[in-house]
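Given next are the chains, with one letter for each unit.
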Amino acid sequence: MSDEKTEILELVRKYHQLRSDQEFIPGVTLVQSSGATFDDDDRVALVEAALDMRIAAGVSTQRFERDLAKFFGLRKAHMANSGSSANLLALTALTSPTLGERRLRPKDEVITVAAGFPTTVNPIIQNGMVPVFVDVELGTYNTTPERIADAISPRTRAIMVAHALGNPFAVAEVAALARKHDLYLIEDNCDAVGSTYRGQLTGTFGDIATVSFYPAHHITTGEGGCVLTHSVALARIVEQLRDWGRDCWCEPGKDNTCCKRFEYQLGTLPYGYDHKYIFSHVGYNLKSTDLQAALGLSQLAKVAEFGAARRRNWQRMHDGLRDVPGLLLPSPTPDSDPSWFGFVITVQPDAPFTRRGLTDFLESRRVATRRFFGGNLTRHPAYVDREHRIAHALTNSDLITQNTFWVGVYPALTAQMIDYVVATIREFVATS
Ligand SMILES: Cc1ncc(COP(=O)(O)O)c(C=O)c1O
């Protein structure tokens, strides 16, 4: 490394220290619901990639993809520019003509949950398929194998479900159900990096899984996401779809990795047409940059530490609120160890106060609150006129829309901040 570069990066480290020591003043400092947690290594990694002008995917991307796959114990990871793009890639990959009879087709049904994030559902609609909405449980906020089994029809071909705010759904049982009915299982693991079910990481049970690296998530690359799979064939389709649909697999800036760049005969193209410009899928460009991957690598080194902090904060909040009347506190799915995304609370319908009252009070005391994403998505304008099937009454999803919210447990929150949130909730409930 040049002396100038070493000097710049040392200054970046010092700059980080100047930026990071901020005192918490209860009622003044915002207690965020989520946010990135950075140290000096993260800042240096990002600046170093910028100094090298690694503005497209490159060495850090390759390493990050390899390390992500290793972390999950899967064969392949492909970075994308967001978790939503990863979801689009994951489901679209399963429509590839190269899968023959096993490919998903328009009008096929895909089972998903009503209460959640929209881009778990959108790829189903974007691929001309039909989302089948099932309800979730209160407390775990996940659906159950029984509810999914109840929704299966002769047209059902896949299950695409998220682990709710870090809490695993009973994914081993759902995977078994998928196998029994010959359905694909797509795990939206965007909110659950590091969570385990029966000791196994979520994101590793299904055919394909996704992660988001948006700053609210367990590790961040700014914007970003990835698709994970054990199947080399699916990974190759994901890569093609991500990279304009092209057949070629050369890394950016590389040529002729396959050693027969001008010797292909595909489609009805003339023999020898440049492989770089042969398109075998109707693709997108959903790629990311090395700036993101450099940050991702530095964040991945802290994934266990971040998970421990999330669990510690969640437990402290749970202990502090255990005896508060009128609130349904979250519960981990049996046999799971969640790396929590947030702390979900439902105001009991018979409580002498409302969710709005409580969240307004929290916000007025500088505690950020969030809804359970879209609540019952079928009630949103985007989905009203889209073909879908509602498998059974969405009673809990509706209650969640009315009465549920969450507050933060992300690693940058201190014990003092968690205690402040607990005290604020207790104060509201005691005076309502
Ligand atoms: C469950 C779930 N899936 C997908 C996404 C989309 O991720 P991104 O914001 O990176 O597009 C989110 C975003 O928070 C999410 O919570």
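Residues numbered from 1 in each chain as written. Predicted model: local features only at pLDDT ≥ 70, side-chain atom pairs only at ≥ 80, totals over all residues. Heavy atoms only, no water.

**Observations concerning a nonpolar patch on the surface**
Together, Trp 244, Tyr 273, Tyr 277 and Phe 279 make up an exposed nonpolar region whose accessible area comes to about 460 Å². Along the polypeptide, Tyr 273 turns up in the loop between α8 (232-242) and α9 (290-300). The exposure class of Tyr 273 is partly exposed, given its relative accessible area of 38%. (Patch = residues over 30% accessible without salt bridge, like charges linked within 9 Å, V, L, I, M, F, W, Y side chains within 5 Å. Areas by Shrake-Rupley, 256 points an atom, 1.4 Å probe, with all protein chains shown as cover. Salt bridge = Lys/Arg side-chain N within 4 Å of Asp/Glu carboxyl O. Helix = DSSP H or I, 4+ residues; strand = E, 2+ residues; numbered from the N terminus. Buried < 20%, exposed > 50% of the residue type's maximum accessible area, 1.4 Å probe, protein only.)

**With respect to the packing of helix α4 (residues 83-93) against α8**
Where α4 meets α8, the closest approach of the two axes is 9 Å, and the angle between their N-to-C directions is 125 degrees. If you check the angle between α4 and α8, you find them oblique. Here α4 and α8 pass one another in a crossing that is right-handed. Contacts between α4 and α8 involve Leu 89, Thr 92 and Ala 93 on the former and, on the latter, Leu 234, Ile 237, Val 238, Leu 241 and Arg 242. Class assignment for the residues of the contact of α4 with α8 results in six nonpolar, one polar and one charged. (Axes fitted to C-alpha atoms, helices over the stretch in contact; angles between N-to-C directions. Parallel < 35°, antiparallel > 145°, perpendicular 65-115°, else oblique. Left-handed = near helix turned anticlockwise from the far one by under 90°. Contact = heavy atoms within 4.5 Å. Nonpolar A, V, L, I, M, F, W, Y, C, P; charged D, E, K, R; others polar.)

**Looking at helix α10 (residues 303-321)**
Over its 19 residues, α10 extends 27 Å from the first C-alpha to the last, a length consistent with the 27 Å expected when each residue adds 1.5 Å. All of the buried residues along α10 are Val 303, Phe 306, Gly 307, Ala 309, Arg 310, Asn 313, Trp 314, Met 317, His 318 and Leu 321. For α10, the buried positions fall inside an angular range of 165 degrees around the axis, keeping them on one side. Those residues of α10 that are exposed and angled more than 90 degrees off the buried face are Ala 304, Glu 305 and Arg 312. On its buried side, α10 packs onto α3 (59-72), α9, β12 (342-347), β15 (404-408) and α14 (415-430). (Expected span 1.5 Å × (residues − 1). Arc of directions from axis to C-beta.)

**As for the sheet that holds strand β10 (residues 327-328)**
With antiparallel pairing, the four strands of this open sheet are ordered in space as β10-β12-β15-β13. Lying at the two open borders of the sheet, with one neighbouring strand each, are β10 and β13 (370-371). Here β12 pairs with β15 via five bridges, running antiparallel. Bridge pairing links Ile 345 to Phe 405 in β15. Packed onto the sheet, α10 meets β12 and β15 and runs at close to 25 degrees relative to β12. (Pairing = 2+ DSSP bridges.)

**Let's talk about the site of the ligand**
Neighbouring the ligand are 16 residues; Gly 83, Ser 84, Asp 188, Asp 191 and Ser 212 lie closest to it. Separating an oxygen atom of the ligand from a side-chain N or O atom of Ser 84 is a distance of 2.5 Å. Taking Asp 188, its side chain carries an N or O atom lying 2.7 Å from a nitrogen atom of the ligand. If the ligand stood free it would expose 390 Å²; the protein chains cover 90% of that surface. Those elements giving two or more residues to the shell around the ligand turn out to be α4 and α5 (118-126). Among the elements that take part in the shell around the ligand, α4 stands out by supplying three residues, more than any other. Residues belonging to the shell around the ligand are distributed by class as follows: five nonpolar, nine polar and two charged. (Near = heavy atom within 4 Å. Polar contact = N/O pair within 3.5 Å; in protein donor to acceptor, adjacent residues only side chain to side chain.)

**Details of the sheet that holds strand β3 (residues 130-134)**
Two orientations exist for strands paired in a sheet by backbone hydrogen bonds: parallel and antiparallel. Read across the sheet, eight strands follow the order β1-β9-β8-β5-β4-β2-β3-β14 without closing on themselves; strand pairing throughout is mixed. The outermost strands of the open sheet, each flanked by one partner alone, are β1 (76-80) and β14 (389-390). Inspection of the sheet shows strand β2 (residues 109-113) paired to strand β4 (residues 156-162) by three bridges, in the parallel sense. Bridging across to β4, Glu 109 finds its partner in Thr 156.

**Quick word on the side chain of Arg 310**
Topologically, Arg 310 is positioned in helix α10. If we skip the residues at most four places from it in the chain, Arg 310 touches Ala 216, His 217, His 218, Ser 339, Trp 340, Phe 341, Val 409, Tyr 410 and Pro 411.

**Here's the deal with the packing of helix α2 (residues 40-51) against α9**
Contact geometry of α2 with α9 gives a least axis separation of 8 Å together with a crossing angle of 155 degrees. When the axis of α2 is compared with that of α9, the two are roughly antiparallel. Where α2 crosses over α9, the two elements pack in a sense that is right-handed. Listed contacts from α9 to Asp 41, Asp 42, Ala 45, Leu 46, Ala 49 and Ala 50 of α2 are Asp 290, Leu 291, Ala 294, Leu 295, Ser 298 and Gln 299. Partitioned by chemical class, the residues of the contact of α2 with α9 number seven nonpolar, two polar and three charged.

**As for α8**
Counted residue by residue, α8 has eight buried out of eleven residues, so it is predominantly covered. Along α8, the residues classified as buried are Leu 234, Ala 235, Ile 237, Val 238, Glu 239, Gln 240, Leu 241 and Arg 242. Residues of α8 that are buried make contact with α3, β1, α4, β8 (208-212) and β9 (225-229). Positive backbone phi, approximately 70 degrees, marks Trp 244, located one or two places after α8.

**Concerning the environment of Phe 213**
Following the sequence through the fold, Phe 213 ends up in the loop between β8 and β9. In this structure, the C-alpha to C-alpha distance between Phe 213 and Asn 81, residues 132 residues apart in sequence, is 8.9 Å.

**A word on the pattern of salt bridges**
Following the criterion strictly, the structure yields 28 salt bridges and no others. Arg 198 serves as the salt-bridge partner of Glu 173, at 2.4 Å between the closest nitrogen and oxygen. Of the two residues, Glu 173 sits in helix α7 (residues 171-180) while Arg 198 sits in the loop between β6 (196-197) and β7 (200-201), which places them 25 residues apart along the sequence. Among the residues examined, Glu 173 registers a relative accessible area of 27% and is labelled partly exposed. Within the structure, one salt-bridge network assembled from shared partners comprises Lys 5, Glu 48, Asp 52, Arg 54 and Asp 290.

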